Amino acid sequence: MIIDTTLLSRIQFGFTIGFHILFPTLNIGLAVFLSIMEGIWLKTGNPVYLRICQFWTKIFALTFGMGVVSGIVLAYELGTNFGPFISTAGGVIGALFVYEVLSAFFLEAGFLGVMLFGWDKVGPRLHYLATLLVTLGTLFSALGILSANSWMQTPAGFHIDAGKYIVDSWWAVVFNPSAITRFLHMVMASLLTTCFAIAGVSAWYLLKKRDLDIAKPCFSFVFAAALVIAPVQILLGDMVGLKVFEYQPLKTAAIEANWKTQKGAPLILFAIPNSKQEKNYYEISIPKLASLINTHHWNGKLIGLKSVPRTERPVVGATFWMFRVMVGIGFLFLFIALFAQWQRWRGKLYNSDRLYRLCILIAPLGFLSTIAGWITAESGRQPWIVYNLINISQGASIVPLHQVIISLALLVIVYGIIFSFYLFYLFKLIRKGPTSPAPNESVADVITETPFKYLAPEGK
Amino acid sequence: MFLILTWATIISLIIMTYVLLDGFDLGVGILFPWIKQSEFRDIMMSTVVPVWDGNETWLVFGAAALYAAFPTAYGILLPTLYMPIMILLIALIFRGVAFEFRFKAHKSQFIWDIAFAAGSILAAFIQGIILGTFVKGYGTHLPLSHSAYHWFTPFTIFTGVAVVCGYALLGATWLIIKTDGFLQEKMFKASKVLLPLVAFFLVSVSIWTPIVEPQVMHRWFSLPNFYYLSPLPIITILIVFYNFYCLQKKKERLPFILTIGLFVFSYIGFCISAWPYIIPHVLPVWEAAAPPSTLKFILVGAAIILPILFIYTLYSYHVFRGKVKTIIHY
């Protein structure tokens, strides 16, 4: 592999977007979680649920700030590093980003402040409305991004005139063939990741025998939720897989490390794919299973990587392995959710230190799984920016190599620093825990101790 | 054509809104090194804490709108400005987290002071560099030919320093409104130094550009353009003098408003010089625009959300009106 500007641009974009996606992943899930918890509080009037909301809102605020800071870079990188791509397809993809920014902007300007700092200033119903609108905003933002990315995977709704992309139907662009399933898959990934992040934090409190009144309902709730979400996510994953097979059979071939076109292809559990020699080493496989998974027939035909020239093949190693990481973690989550349910039936959900330790240990895995999923999707899309239409080499900017090296190095250093600070304050918030309701302390005082308080339109 | 003109206007407005809004909060950071006392630094920062990130969001919106409405220009222009944009983004990140962490830090506060000041100065300087590169132009035809460091020339450094001074003036006059006592006194003094400097930069660039660019010369000095356009520099000069007079008289609100006026008129002048090019002398707006279907589609969203945003922005400044006397505490 030659180190050139295009490759470094891709690494840089992958690094910055991979960094960015961590924060929205947690925030979409937390927004939904907060909407539910605040709803329960409104319905029951039980103050425990209010305190749950207040505690997790702090983490939501901290994470939201990181999402904003890391998001700015991406909008510009599309131009600086992939200028020719924007020149040709910007008229399609740019519009989706405009709507994404508008919705994020609108939400941030209007309702986030009320949600974070308005506990004392507006009534509970209005506050709940703000929470719901913020949740809606995060989902709408996610739809914008997933729609844009899905259009790059399965482009639709346009014609090409003199090298420019002209949209015929925005409906077909926004809801392109893979958009909705991939959007739902991402939302479910967020929810599942958040479930296990919350489970990890709650488990830590349970292990330390502190803040039990908050930790127990959270712990119980997220496992009930995970029991539903994990199977749904696996089903959605299957649907995404079918779309991939239908529209991007070579991505399927890379995921399965399948070199030659065959019927009844085996599912490879372990292998070291070698792109140069076009074969796998140390292969362990189950006969016919890959065909069953991808086509839902035992003898379904899978197209092999060798059916196209080398230059048109995706990155096999990354696609193959990251897919397995993603799926592995997904099933692990399902098993843990089932195990927790079993414990619940036996009445032992709250007296198993081993389960607590396990939950703390696997708390970050959801993020890993999400990143792995994205790497699968994106390296499997190669060598295309827009599938079968714009090749990566036509889409990348021509920039002096050393400039990209400098910017990449700077970004890695800067992101390393700010991520360390994020974790530092995150753990500080967790250690400090949900504040116990002091008689003289107003709700807003508790909340205003959060970082990124400046997001408050009426902060003090 | 109507759609293209509308979008050119909207994007000009977005850029101007960004320059004015982020201009003053970057300006506060630029002035940081001249105020040594920690308690005054706290107050300076507190005046922009509630608004700065909303201000910066206009930068993201500008990018998204530009590449949806004028994708060709965005795709050609940004790679040529690779390094300046990357440095700008990193400067803004550092400055952004400085807001976050400065009030939390105790011993390490000086680190965030440096990050805030250096980030602000660097961001303003780079924006000036980008402005200068744009004014300087890229020759006359596509594909653009330029060296790797074409953006780093005496002229662009000159415009870089000019923007730093301009933002500092915005920041100083903003602080005159928001503070009193010692700090306000300091800001009156700073403004009286900065205003003549800014005037000098404006005059220099205004003389320099038409001499070097015949098209700009033609735009301003041919008849009848000259008659229509001459009020613009005259008003700008009047604003400078009136602003200085207000600073002498210790008016609190007018200097900020007049400085905004100065920026607006300079910006209009810049737009008149550049029109109709989105990449100077190479690509006019109508050749860079996205197809009508795209322009229509995004106009729907912009028409709904932008007015709400403008009203909301005004409202939030209304909420935060008045002097900041104590720290906005984290």
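Residues numbered from 1 in each chain as written. Chains lettered and ligands numbered in written order. Predicted model: local features only at pLDDT ≥ 70, side-chain atom pairs only at ≥ 80, totals over all residues.

**Brief notes about the overall build of chain A**
Here's step 1: Of regular secondary structure, chain A possesses 15 helices and eight strands.
Here's step 2: Seen along its three principal axes, the alpha-carbon backbone of chain A occupies a region of about 70 × 50 × 40 Å.
Here's step 3: When the 460 residues of chain A are sorted by exposure, 52% land in the buried category.
Here's step 4: For chain A, contacts bridging at least 24 residues in sequence account for 76% of all contacts bridging at least 6. (Helix = DSSP H or I, 4+ residues; strand = E, 2+ residues; numbered from the N terminus. Buried ≥ 20, exposed ≤ 12 C-beta atoms within 10 Å, placed from the backbone. Contact = placed C-beta atoms within 7 Å.)

**Overview of the overall build of chain B**
Here's step 1: Looking only at helices and strands, chain B has 14 helices and two strands in total.
Here's step 2: In terms of principal-axis extent, the alpha carbons of chain B reach across some 55 × 40 × 40 Å.
Here's step 3: Across the 330 residues that make up chain B, the buried fraction comes to 51%.
Here's step 4: Considering only intrachain contacts with a sequence separation of at least 6, the fraction spanning at least 24 residues in chain B is 77%.

**Examining the packing of helix 7 (residues 154–178) of chain B against helix 8 (residues 181–212) of chain B**
Residue and element names in this part refer to chain B.
Here's step 1: Where helix 7 meets helix 8, the axes come as close as 8 Å, and the angle between the chain directions of the two elements is 145°. Relative to helix 8, helix 7 is oriented so that their crossing is left-handed. Of the residues in helix 8, those in contact with Thr159, Ala162, Cys165, Gly166, Ala168, Leu169, Ala172, Thr173, Leu175 and Ile176 of helix 7 are Leu183, Gln184, Met187, Phe188, Ala190, Ser191, Leu194, Leu195, Leu197, Val198, Phe201 and Val205.
Here's step 2: Partitioned by chemical class, the residues of the contact of helix 7 with helix 8 number 17 nonpolar, five polar and no charged. (Axes fitted to C-alpha atoms, helices over the stretch in contact; angles between N-to-C directions. Left-handed = near helix turned anticlockwise from the far one by under 90°. Nonpolar A, V, L, I, M, F, W, Y, C, P; charged D, E, K, R; others polar.)

**What to know about the packing of helix 6 (residues 179–208) of chain A against helix 12 (residues 365–379) of chain A**
All names here are of chain A.
Here's step 1: Between helix 6 and helix 12, whose axes approach to 8 Å, the crossing angle comes to 155°. The angle between helix 6 and helix 12 falls in the class roughly antiparallel. Residues Ala189, Leu192, Thr193, Phe196 and Ala197 of helix 6 pack against Leu365, Gly366, Phe367, Thr370 and Gly373 of helix 12.
Here's step 2: Of the residues belonging to the contact of helix 6 with helix 12, the class tally is six nonpolar, four polar and no charged. (Parallel < 35°, antiparallel > 145°, perpendicular 65-115°, else oblique.)

**Re the interface of chain A and chain B**
Here's step 1: The interface of chain A with chain B comprises 53 residues on the first partner and 50 residues on the second.
Here's step 2: Among the elements of the structure, helix 2 (47–81), helix 3 (83–117), strand 2 (164–167) and helix 14 (401–432) of chain A are those that each provide at least two residues to the side of chain A that touches chain B.
Here's step 3: Top element by residues in the side of chain A that touches chain B is helix 3 of chain A. It accounts for 18 residues.
Here's step 4: Of the residues assigned to the side of chain A that touches chain B, the class counts are 34 nonpolar, 14 polar and five charged.

**Looking at the domain arrangement of chain A**
All names here are of chain A.
Here's step 1: By domain assignment, chain A separates into domain 1 (1–176 + 400–460) and domain 2 (215–389).
Here's step 2: If you average the C-alpha positions of domain 1 and of domain 2, the two centres end up 25 Å apart.
Here's step 3: On the side of domain 2, 14 residues touch domain 1, which itself brings 13 residues to the contact.
Here's step 4: At the level of elements, helix 1 (5–44), helix 2, helix 3 and helix 4 (124–153) are the ones that each hand at least two residues to the side of domain 1 that touches domain 2.
Here's step 5: Across the side of domain 1 that touches domain 2, the residue classes tally to eight nonpolar, five polar and no charged. (Domains from an automatic or database assignment.)

**Observations concerning the pairing of strand 5 (residues 279–286) of chain A**
Across a regular strand the side chains alternate sides, sitting on one face of the sheet and then on the other.
Residues and elements named next belong to chain A.
Here's step 1: Counting buried residues along strand 5, only zero of its eight residues qualify, which leaves the element largely exposed.
Here's step 2: In this structure, strand 4 (residues 267–274) lies alongside strand 5, joined through six bridges in antiparallel fashion. Within strand 5, the position partnered with Leu267 by the bridge is Ile286.
Here's step 3: The hairpin formed by strand 4 and strand 5 contains four residues between the paired strands, and Glu278 there has a positive phi angle of roughly 55°. (Pairing = 2+ DSSP bridges.)

**Quick notes on helix 5 (residues 82–102) of chain B**
Here's step 1: Across its 21 residues, helix 5 of chain B extends 30 Å between first and last C-alpha, which sits within 8% of the 30 Å expected from 1.5 Å per residue.
Here's step 2: For helix 5 of chain B, the tally of buried residues reaches 20 of 21 residues, placing the bulk of the element in the interior. (Expected span 1.5 Å × (residues − 1).)

**Regarding the confidence of the model for chain A**
Here's step 1: Here chain A shows a mean pLDDT of 86. Residues at 70 or above account for 93%.
Here's step 2: This model gives residues 438–460 of chain A a pLDDT under 50, and the stretch forms 62 contacts once residues within four places in sequence are excluded. (pLDDT = per-residue confidence, 0-100.)

**Let's talk about unusual backbone geometry**
Here's step 1: Each neighbour pair has its own omega, and for Gln382 of chain A with Pro383 of chain A the value is 0°, a cis peptide bond.
Here's step 2: Its location among the elements puts Pro383 of chain A in the loop between helix 12 and strand 7 (384–386).
Here's step 3: Residue Pro276 of chain B is bonded to the preceding Trp275 of chain B through a cis peptide linkage, with omega at -5°.
Here's step 4: By secondary structure assignment, the location of Pro276 of chain B is in the loop between helix 12 (254–274) and strand 1 (277–279).
Here's step 5: Backbone geometry places Lys209 of chain A, a non-glycine residue, at a positive phi of 55°.
Here's step 6: With respect to the helices, strands and loops of the structure, Lys209 of chain A is situated in the loop between helix 6 and helix 7 (212–247).
Here's step 7: Note on Lys209 of chain A: 8 C-beta atoms within 10 Å, which makes it exposed.

**Some thoughts on the confidence of the model for chain B**
Here's step 1: Residue-level pLDDT values for chain B average 87, and 96% of them are 70 or greater.
Here's step 2: Our summary of model confidence lists the complex with pTM equal to 0.88 and ipTM equal to 0.86.

**Quick notes on the environment of Phe158 of chain B**
Residues and elements named next belong to chain B.
Here's step 1: Here Phe158 lies in helix 7.
Here's step 2: Residue Phe158 is classed as partly exposed on the basis of its C-beta count, with 16 C-beta atoms lying within 10 Å.
Here's step 3: Each C-alpha atom of the pair Phe158 and Phe125 lies 9.5 Å from the other, and the pair is 33 residues apart in sequence.

**Topic: the environment of Ile111 of chain B**
Residues and elements named next belong to chain B.
Here's step 1: One can find Ile111 in helix 6 (residues 109–136).
Here's step 2: The partly exposed category is assigned to Ile111, around which 13 C-beta atoms lie within 10 Å.
Here's step 3: Along the sequence, Ile111 and Ala98 sit 13 residues apart, while their C-alpha atoms lie 8.6 Å from each other.

**Overview of the environment of Trp345 of chain A**
All names here are of chain A.
Here's step 1: Counting through the fold element by element, Trp345 comes out in helix 10 (residues 316–345).
Here's step 2: Given 9 C-beta atoms within a 10 Å radius, Trp345 is considered exposed.
Here's step 3: C-alpha of Trp345 to C-alpha of Leu132: the two residues are 213 residues apart in sequence and 33 Å apart in space.

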